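So the chains spell out like this:
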Amino acid sequence: PVQVNFTHNDNAPSPISLGFDFPLYGRSFNEMTINPNGWIGLEGDSNAWDNTTLPSSEIPGAAIFGFWDDLNPVNDGNSSNMAGYVYYQLYEDKAVVFFDGVAHWVGSGDTEGIYTFQMVMHQDGRIELNYLDMQGVINSATIGVQGSTNLEYVLISYNQNYVENNFSSFIYPKSEWFDLSSLGGTILPGESEVIEVTITSEGLGEGMYFDVISIQTN
């Protein structure tokens with residue numbers, strides 16, 4: 001693995017070439033930026049240390065949030081109470097980013113934590129979030145993925161007690177064999193809207209296929 005060298009505890013170094021095209025919400029990306037605050041940028045970096053819910057206007061475009069919080073890995077800025085290192089390793093079909101014993105920033109009113117976790121980007125669009133050892137406060141982070149619009153995101157957790165030791169979470173791309181006529185909209189009280197689900201077996205081998213459609217509303 002290659003160690004990531006940070007000049008500051010809130011900024012990513014130069015983009016890293018993946019060596020393959022990573023698909024996300026109908027687009028593809030061939031490089032990543034590794035931010036010390038627990039996330040991977042696919043369209044740039046941000047020094048936003050105060051995590052928000054998703055989608056976030058603080059982060060430029062597509063990004064993967066393994067544990068977006070005010071983290072403090074060892075960096076050249078010599079910030080106080082820094083601890084832990086960040087590594088990445090590239091394979092032919094995946095990229096792995098590993099936060100090893102990285103500290104939560106400790107400032108006025110903040111609480112402590114030491115986190116060991118990894119984010120894995122697969123060439124087929126799958127995302128793995130693996131949590132090995134999460135010590136201290138774990139309910140102040142954002143976990144999920146966002147694309148380029150307000151409709152393109154998956155929020156797994158925002159400031160909740162979600163992760164635990166030896167725990168994994170997976171984000172899968174939408175299956176190509178079904179489609180929805182609408183991905184969002186607004187209806188007035190008492191009204192309804194029909195959303196058509198189109199399913200095609202073209203190009204599919206014999207077998208069983210399944211997926212999940214999650215409908216969210218306020």
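Refer to the structure printed above.
Reading guide: rules and limits
- Counting of residues starts from 1 at the beginning of each chain's written sequence and follows it residue by residue.
- Per-residue local features of the predicted model are confined to residues with pLDDT of at least 70, and side-chain atom pairs are confined, for both listing and counting, to 80 or more; whole-chain, interface and lining totals are unaffected and use all residues.
- Water and hydrogen atoms play no part in the side-chain values, which are based on all heavy atoms of the structure.
- Put simply, DSSP H or I for four residues or longer makes a helix, DSSP E for two residues or longer makes a strand, and each gets a number counted from the N terminus.
- As a reference, a globule follows 2.2 Å times the number of residues to the power 0.38, and the radius of gyration itself is taken over C-alpha atoms.
- Strand pairing is assigned whenever DSSP identifies at least 2 bridges connecting the two strands.
- The axes are straight lines fitted to the C-alpha atoms, using for helices just the contacting stretch, and the angles between their N-to-C directions are given from 0 to 180°.
- Stacked, tilted and edge-to-face pairs are distinguished by plane angle, under 30 degrees for stacked and over 60 for edge-to-face with tilted covering the rest, among Phe, Tyr and Trp rings (Trp via its six-membered ring) whose centres lie within 6.5 Å.
- Each residue gets one of three labels from its accessible area relative to the maximum for its type: buried under 20%, exposed over 50%, partly exposed in between, using a 1.4 Å probe on protein chains only.
- Only when the NZ of Lys or the CZ of Arg is both within 6 Å of the ring centre and within 35 degrees of the ring normal is a charge said to sit over the ring.
- In protein, a polar contact requires one atom able to donate a hydrogen and another able to accept it; more generally it is a pair of N or O atoms within 3.5 Å, and residues adjacent in sequence count only if both atoms are side-chain atoms.
- Note on definitions: a residue-residue contact is assigned when non-hydrogen atoms from the two residues lie within 4.5 Å.
- Think of a salt bridge as a Lys or Arg side-chain nitrogen and an Asp or Glu carboxyl oxygen that are within 4 Å of each other.

Caption draft 1: Here's a closer look at the overall build of the protein. Regarding its fold elements, the protein presents 0 helices and 14 strands. The secondary structure elements of the protein, listed N-terminal to C-terminal, are β-β-β-β-β-β-β-β-β-β-β-β-β-β. Computed over the C-alpha atoms, the radius of gyration of the protein is 19 Å, within 12% of the 17 Å expected from 2.2 N^0.38 for a compact globule of 218 residues. C-alpha atoms of the protein, sized along the principal axes, occupy 55 × 45 × 30 Å.

Caption draft 2: Representation of the environment of N150 within the structure. By secondary structure assignment, the location of N150 is in the loop between strand 10 (142–146) and strand 11 (153–158). Between the C-alpha atom of N150 and that of L54, which follows or precedes it by 96 residues, the distance is 8.5 Å.

Caption draft 3: Here's a closer look at the sheet that holds strand 10. The strand order across the open sheet built from 6 strands is 2-3-4-5-10-11, with neighbouring strands paired in antiparallel fashion. The two strands at the open ends of the sheet, each matched to only one other strand, are strand 2 (16–24) and strand 11. For this sheet, the mean angle separating the axes of adjacent strands, direction not counted, is 25°. Pairing between strand 4 (residues 39–41) and strand 5 (residues 63–68): 3 bridges, direction antiparallel. Bridge assignment links G41 to a residue of strand 5, and that residue is A63.

Caption draft 4: Layout of the packing of aromatic side chains. Tallied over the full model, the rule gives 11 aromatic pairs. Ring geometry for Y131 against F167: centres 6.3 Å apart, planes inclined by 35°, an arrangement best described as tilted. On the criterion of sequence distance, the pair formed by Y131 in strand 9 (residues 127–136) and F167 in strand 12 (residues 167–171) is long-range, its members being 36 residues apart. Residue class for Y131 comes out buried when judged on its relative accessible area of 1%. Ring plane angle 90° and centroid distance 5.2 Å describe the contact between Y162 and F167, whose orientation is recorded as edge-to-face. Residue class for Y162 comes out partly exposed when judged on its relative accessible area of 27%. Here K94 stacks its cationic end above the ring of Y91, 5.1 Å away from the centre of that ring.

Caption draft 5: Region of the structure containing the side chain of N9. Mapped onto the elements, N9 comes out in the loop between strand 1 (2–3) and strand 2. On the accessibility criterion, N9 (8% relative accessible area) is buried. Within the structure, N9 has its side chain in polar contact with the side chain of H8 (distance 3.5 Å). If sequence neighbours within four positions are ignored, N9 has contacts with P36, N37, L71, N72, N75, S79 and W105.

Caption draft 6: Region of the structure containing the sheet that holds strand 6 (residues 85–90). Taken together, 6 strands build an open sheet; the order of strands is 1-6-7-8-9-12 and the sheet is antiparallel. Each edge of the sheet is formed by a strand with only one pairing partner; in this case those strands are strand 1 and strand 12. Sheet analysis places strand 9 next to strand 12, joined by 5 bridges and oriented antiparallel. Note on strand 12: the bridge partner recorded for I127 is I171.

Caption draft 7: Region of the structure containing the pattern of salt bridges. On inspection of all chains with the given rule, the structure shows 2 salt bridges. With a closest N to O distance of 3.0 Å, R27 and E43 form a salt bridge. Of this pair, R27 sits in strand 3 (residues 27–35) while E43 sits in the loop between strand 4 and strand 5, placing them 16 residues apart in sequence. The exposure class of E43 is partly exposed, given its relative accessible area of 36%. For D124, the salt bridge identified is with R126, shortest N-O distance 2.8 Å.

Caption draft 8: Representation of unusual backbone geometry in the model. Omega for the peptide link from L54 to P55 comes to 0°, which places this bond in the cis form. Within the secondary structure layout, P55 lies in the loop between strand 4 and strand 5. At Y25, a residue that is not glycine, the phi angle is positive and equals roughly 50°. On the basis of relative accessibility, which here comes to 33%, the residue Y25 falls in the partly exposed class. The phi dihedral of N159 falls on the positive side, at around 55°, and the residue is not glycine.

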